[in-house]
Amino acid sequence: DAGITQSPRHKVTETGTPVTLRCHQTENHRYMYWYRQDPGHGLRLIHYSYGVKDTDKGEVSDGYSVSRSKTEDFLLTLESATSSQTSVYFCAIRLQGDEQYFGPGTRLTVT
Amino acid sequence: GQNIDQPTEMTATEGAIVQINCTYQTSGFNGLFWYQQHAGEAPTFLSYNVLDGLEEKGRFSSFLSRSKGYSYLLLKELQMKDSASYLCALGAGNNRKLIWGLGTSLAVNP
């Protein structure tokens with residue numbers, strides 16, 4: 001199994017505070033992704049990365065930034081959290097067969 | 001666009017066969033993926049179709065017809081543990097990105 005972890009797994013934060021979510025993989029995969037999943041909207045791509053320091057926006061990137069300074073880590077930052085960013089966040093890696101393998105998710109609540 | 005349509009909910013009986021459909025409106029994609037997602041968990045990969053036809057994998061099979069803009073996931077010998085959401089996704093840009101349907105919530109009843 002591909003090794004992928006997310007931290008924290010749960011977080012409650014207040015509106016206006018910065019939040020960083022971490023995704024860590026152990027197998028040197030080039031592509032990494034951040035999604036959010038909300039009822040009625042399904043999985044939506046926030047940002048993705050195709051290598052160290054190489055990132056691109058997805059369909060819902062406003063209010064989010066990412067960084068990838070090492071192959072194994074992909075960070076998602078909410079500069080100033082809003083209630084609309086309450087969601088479940090999934091990180092994923094792209095495997096050799098092109099399928100994406102997902103981390104366990106982070107449940108974020110912004111109050 | 002690449003609108004992807006799936007039924008929102010389906011119910012079926014343990015031991016039966018169920019077909020979950022996915023239709024889309026796009027001319028360009030690399031392949032079509034199916035994922036399973038149990039409540040409160042991450043999606044997990046089930047199958048991938050790049051050519052027209054049926055791909056069989058145990059109790060699960062997936063079919064693709066590019067000319068008809070249509071795919072389905074067939075689940076045989078349903079078990080209670082098959083109660084989950086089933087997500088259809090199109091691969092774009094050499095499968096660098098996936099475009100997701102909203103998923104079909106399947107309830108398997110005894």
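For the structure itself, look to the data block above.
Quick word on the nonpolar core
Part 1 of the reasoning: Core analysis: the biggest nonpolar cluster contains 21 residues, and Leu32, Trp34, Leu75, Tyr86 and Leu106 of chain B have the highest contact counts within it.
Part 2 of the reasoning: Those elements that provide at least two residues to this core are β3 (18-24), β4 (32-37), β7 (60-65), β8 (70-75), β9 (84-92) and β11 (104-109) of chain B.
Part 3 of the reasoning: Setting aside anything within four residues of it in sequence, one finds leucine 75 of chain B in contact with Ala16, Ile17, Val18, Ile20, Arg59, Phe60, Asp82, Tyr86 and Leu106 of chain B.
Part 4 of the reasoning: Judged by nonpolar contacts, the second largest core, of 20 residues, contains Leu21, Met32, Tyr89 and Leu95 of chain A.

Comments concerning the state of the cysteines
Part 1 of the reasoning: As enumerated under the stated definition, the model contains two disulfides over all chains in all.
Part 2 of the reasoning: The disulfide that involves cysteine 23 of chain A links it to cysteine 91 of chain A, with 1.9 Å between the sulfurs. The sign of the -70° torsion about the S-S bond sets the cysteine 23 of chain A-cysteine 91 of chain A disulfide as left-handed. Taken together, the residues span a long stretch of sequence, with cysteine 23 of chain A in strand β3 (residues 19-25) and cysteine 91 of chain A in strand β9 (residues 87-94) at a distance of 68 residues.
Part 3 of the reasoning: Residue class for cysteine 91 of chain A comes out buried when judged on its relative accessible area of 0%.
Part 4 of the reasoning: Two residues, cysteine 22 of chain B and cysteine 88 of chain B, share a disulfide whose sulfurs are 1.9 Å apart. Looking down the S-S bond of the cysteine 22 of chain B and cysteine 88 of chain B bridge, the torsion is -55°, so its handedness is left-handed.

A short note on the sheet that holds β8 of chain B
Residues and elements named next belong to chain B.
Part 1 of the reasoning: An order of β1-β3-β8-β7-β6 is seen for the five strands of this open sheet, with the pairing classed as antiparallel. A single partner strand is all that each edge strand has here, and the edge strands are β1 (4-5) and β6 (53-57).
Part 2 of the reasoning: Pairing analysis gives two bridges linking β1 to β3, with the strands arranged antiparallel. Across the sheet, residue isoleucine 4 finds its bridge partner in β3, namely tyrosine 24.

What counts as what
- Residues numbered from 1 in each chain as written.
- Chains lettered and ligands numbered in written order.
- Predicted model: local features only at pLDDT ≥ 70, side-chain atom pairs only at ≥ 80, totals over all residues.
- Heavy atoms only, no water.
- Core = buried A, V, L, I, M, F, W, Y, C linked by side-chain atoms within 4.5 Å.
- Buried < 20%, exposed > 50% of the residue type's maximum accessible area, 1.4 Å probe, protein only.
- Helix = DSSP H or I, 4+ residues; strand = E, 2+ residues; numbered from the N terminus.
- Contact = heavy atoms within 4.5 Å.
- Disulfide = S-S within 2.5 Å.
- Pairing = 2+ DSSP bridges.

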